[in-house]
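Now for the letters of each chain:
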Amino acid sequence: PAGSTTESSHLKVGNSISGFPVTSAFGPRDMAHSKSHGGLDIGTPVGTYVAFTVDAEILYAGHYSGYGYLVDAWLPAAKVQLRLAHLSEIMVKKGDKIKAKTPVGRTGGQKGHPGSGTSTGPHLHIEADTSKGSARYGGTGDPSPYMKYLILSSSGGAQVSPSGSTTSVSGVPQ
């Protein structure tokens, strides 16, 4: 259903996160700059708010090479670091400890924007790592199981709610 997040250990193109489509899955792909994709790409309109369902500690917030504008956040309750890339705006600083539903940034990816990095179109790139402070590309593997901690919302404010359910299953086999 629209607005839902597909729960799966490996999300595929066409599955959804907060109602937005996965446009590139984790794993092998054939692109000029990459033969393996170390994260998930979620197609969103530029400016979609990004937050988490649990409290987070911001480990990095700034411009980082091909990622463009990037936020690395440690989610202590989930014991995972989520990397958000190709942002159009960063709304947190390194060292911030934020409450659940607090926006950390807004999605970007449009060609020519300084926050886009190597992005070829509007989307959010996300990676997961179970080691706090890690900067390795692709983290510790497929971020799909951690998407339940991600909120994508078309409306902002001090606290955001998902555009759709972040816990419902859309019927895609695992």
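Residues numbered from 1 in each chain as written. Predicted model: local features only at pLDDT ≥ 70, side-chain atom pairs only at ≥ 80, totals over all residues. Heavy atoms only, no water.

A closer look at the pairing of strand E13 (residues 150–153)
Here E13 shows two buried faces, one formed by Leu150 and Leu152 and the other by Ile151 and Ser153. Of the pairings in the sheet, the one linking strand E6 (residues 49–52) to E13 comprises 4 bridges and is antiparallel in character. Bridged to Ala51 within E13 is Ile151. (Buried < 20%, exposed > 50% of the residue type's maximum accessible area, 1.4 Å probe, protein only. Helix = DSSP H or I, 4+ residues; strand = E, 2+ residues; numbered from the N terminus. Pairing = 2+ DSSP bridges.)

Observations concerning the side chain of Thr107
Along the chain, the position of Thr107 falls in strand E11 (residues 105–107). Judged by relative accessible area, which is 0%, Thr107 ranks as buried. Within the structure, Thr107 has its side chain in polar contact with the backbone oxygen of Pro45 (distance 2.9 Å). Contacts of Thr107, omitting those with residues within four sequence positions, involve Thr44, Pro45, Val46, Gly47, Thr48, Val50, His86, Leu87, Ser88, Leu124 and Leu152. (Polar contact = N/O pair within 3.5 Å; in protein donor to acceptor, adjacent residues only side chain to side chain. Contact = heavy atoms within 4.5 Å.)

A closer look at empty space enclosed by the protein
All chains considered together, the criterion is met by 1 cavity of 30 Å³ or more. Put simply, the largest cavity is a space of about 50 Å³. What lines the largest cavity is Gln81, Leu82, Arg83, Glu127, Ala128, Asp129, Ser134, Ala135, Arg136 and Gly139. Residue composition of the lining of the largest cavity, by class: 3 nonpolar, 3 polar and 4 charged. (1 Å grid on protein atoms, 1.4 Å probe; cavity = no way out; pocket = protein on both sides within 12 Å on 5 of 7 lines; lining within 4 Å. Points joined across faces, edges and corners; volume = space filled by probe spheres on them. Nonpolar A, V, L, I, M, F, W, Y, C, P; charged D, E, K, R; others polar.)

A word on the nonpolar core
Ile17, Phe52, Leu75, Leu84 and Leu150 are the most contacted members of the largest nonpolar core, which totals 29 residues. Contributions of two or more residues to this core are made by strand E2 (20–24), strand E5 (40–42), E6, strand E7 (56–63), strand E8 (69–75), strand E9 (80–90), strand E12 (124–129) and E13. Here this core gets 4 residues from one element, more than from any other, and that element is E9. (Core = buried A, V, L, I, M, F, W, Y, C linked by side-chain atoms within 4.5 Å.)

Here's the deal with the pattern of salt bridges
Going through the model one piece at a time under the given rule, you end up with 6 salt bridges. Between Glu57 and Lys97 there is a salt bridge; the shortest N-O distance is 3.8 Å. Within this pair, whereas Glu57 is found in strand E7, its partner Lys97 is found in strand E10 (residues 97–98), the two being separated by 40 residues in sequence. For Arg106, the salt bridge is made with Glu89, and the minimal N-O distance between the two is 3.9 Å. Taken together, the residues span a long stretch of sequence, with Arg106 in strand E11 and Glu89 in strand E9 at a distance of 17 residues. Overall, the relative accessible area of 24% leaves Arg106 in the partly exposed class. One network of salt bridges, with partners in common, ties together Glu57, Lys97 and Lys132. (Salt bridge = Lys/Arg side-chain N within 4 Å of Asp/Glu carboxyl O.)

Structural notes on the confidence of the model for the protein
Taken as a whole, the protein shows an average pLDDT of 81; of its residues, 80% reach a score of 70 or greater. Element-level pLDDT for the protein is lowest in strand E3 (residues 27–31), with a mean of 59, against a maximum mean of 98 in E10. pLDDT under 50 marks residues 165–174. Its contacts with residues more than four places away, or in other chains, come to 27 contacts. (pLDDT = per-residue confidence, 0-100.)

Considerations on the side chain of Asp72
Structurally, Asp72 is set in strand E8. By relative accessible area, which is 5% here, Asp72 ends up buried. There is a polar contact of 2.7 Å between the side chain of Asp72 and the side chain of Arg83. Excluding residues that lie within four positions of it along the chain, Asp72 makes contacts with Glu57, Ile58, Leu59, Tyr60, Gln81, Leu82, Arg83 and Ser134.

Remarks on the packing of aromatic side chains
For the coordinates displayed, the defined rule picks out 2 aromatic pairs. A connected cluster of aromatic rings, assembled from ring pairs, spans Tyr60, Tyr64 and Tyr67. Of note, Arg83 hangs over the ring of Tyr67, and the distance from its end group to the ring centre comes to 4.8 Å. (Phe/Tyr/Trp six-rings, centres within 6.5 Å; stacked < 30°, edge-to-face > 60°. Lys NZ or Arg CZ within 6 Å of the ring centre and 35° of its normal.)

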